[in-house]
Amino acid sequence: MTMTTRRTFHRTAGACGAALLLALAGCATAPVKPGVAQAPSRATVINPAGLERVMGRDADAVVALLGTPDQDQREDRGRRLQFVGPACVLDTYLYPKGNGKPVVTWVDARTPAGADYDRAACLAMLSRE
């Protein structure tokens, strides 16, 4: 390699290296400031207001309140009881607490088309009491 070729090579390599460093710098994340809490990307808020009649209850209590489920699905230790009404579909999820009977730990509601629906309103609409 001649001296001119070496200089051209080093200039080209240096330019490529600088371009690579700039590209990688764009991928770096911004540093987190100490003491500043980061908001979660998607938090699920569990508001049991209006759901007291089913939360923590076993399947017998839920069936006594809502009638025979339209679906009763079991998987491992969990169970889903689904109740279908004209305006909403209510899913109750039961899981054992400790060594006890499975109880409702989560309730979900949606329209028959699949859009979100107020859980407490759906429960009120479907309940026998």
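So, here's what we can say about the structure. Since the structure is predicted, the reported quantities are computational estimates derived from the model, not experimental observations.

1. Remarks on the sheet that holds strand 1 (residues 71–75)
Strand pairs in the sheet, formed through backbone hydrogen bonds, run parallel or antiparallel to each other.
Then, in step 1: Ordered by their spatial adjacency, four strands build an open sheet running 1-2-3-4, and the pairing between neighbours is antiparallel. Here the strands that pair on one side only, and so sit at the sheet edges, are strand 1 and strand 4 (102–110). The sheet shows a mean angle of 20° between the axes of neighbouring strands, direction not considered.
Then, in step 2: Where strand 2 (residues 78–84) meets strand 3 (residues 89–96), six bridges bridge the pair, whose relative direction is antiparallel. Among the inter-strand pairings, L81 is bridged to a residue of strand 3, identified as T92.
Then, in step 3: The sheet contacts of helix 2 (residues 59–66) involve strand 2, strand 3 and strand 4, and relative to strand 2 the element is tilted by about 0°.

2. Remarks on the pairing of strand 2
Side chains on a regular strand alternate between the two faces of the sheet.
Then, in step 1: Counting buried positions along strand 2 gives six out of seven residues, so the element sits mostly inside the fold.
Then, in step 2: In terms of strand pairing, strand 1 meets strand 2 through five bridges, oriented antiparallel. Its bridge partner being in strand 2, E75 is matched across the sheet by G78.
Then, in step 3: Between strand 1 and strand 2, which pair antiparallel in sequence order, lie two residues; one of them, D76, sits at a positive phi of approximately 50°.
Then, in step 4: Between strand 2 and strand 3, which pair antiparallel one after the other, the connecting turn spans four residues.

3. A few points about the state of the cysteines
Then, in step 1: Counted under the stated rule, the structure contains one disulfide.
Then, in step 2: Across the disulfide, C88 is cross-linked to C122 (sulfur-sulfur distance 2.0 Å). When the S-S torsion is 90°, as for the bridge of C88 with C122, the disulfide is right-handed. Of this pair, C88 sits in the loop between strand 2 and strand 3 while C122 is found in helix 3 (residues 119–126), placing the two residues 34 residues apart along the sequence.
Then, in step 3: By relative accessible area, which is 0% here, C122 ends up buried.

What counts, and where the lines are drawn
- Counting starts from 1 at the beginning of each chain's written sequence and moves along it residue by residue.
- For a predicted model such as this one, the threshold for reporting local features is a pLDDT of at least 70, and the threshold for listing and counting side-chain atom pairs is 80 or more; totals across whole chains, interfaces and linings nevertheless cover every residue.
- By convention in this description, side-chain values take in all heavy atoms of the structure and omit both hydrogens and water.
- Strand pairing is defined by DSSP finding a minimum of two bridges between the two strands.
- Strands are runs of DSSP state E lasting at least 2 residues, helices are runs of H or I lasting at least 4, and numbering of each runs from the N terminus.
- Axes here mean lines fitted to C-alpha atoms, for a helix over just the part in contact, with angles spanning 0 to 180 degrees between N-to-C directions.
- Working rule for contacts: check all heavy atoms of both residues, and any pair within 4.5 Å makes them a contact.
- Here the term buried applies to any residue with accessible area under 20% of the maximum for its type, exposed to any over 50%, and partly exposed to those in between, with areas from a 1.4 Å probe on protein chains only.
- Pairs of cysteine sulfur atoms within 2.5 Å are identified as disulfides in what follows.

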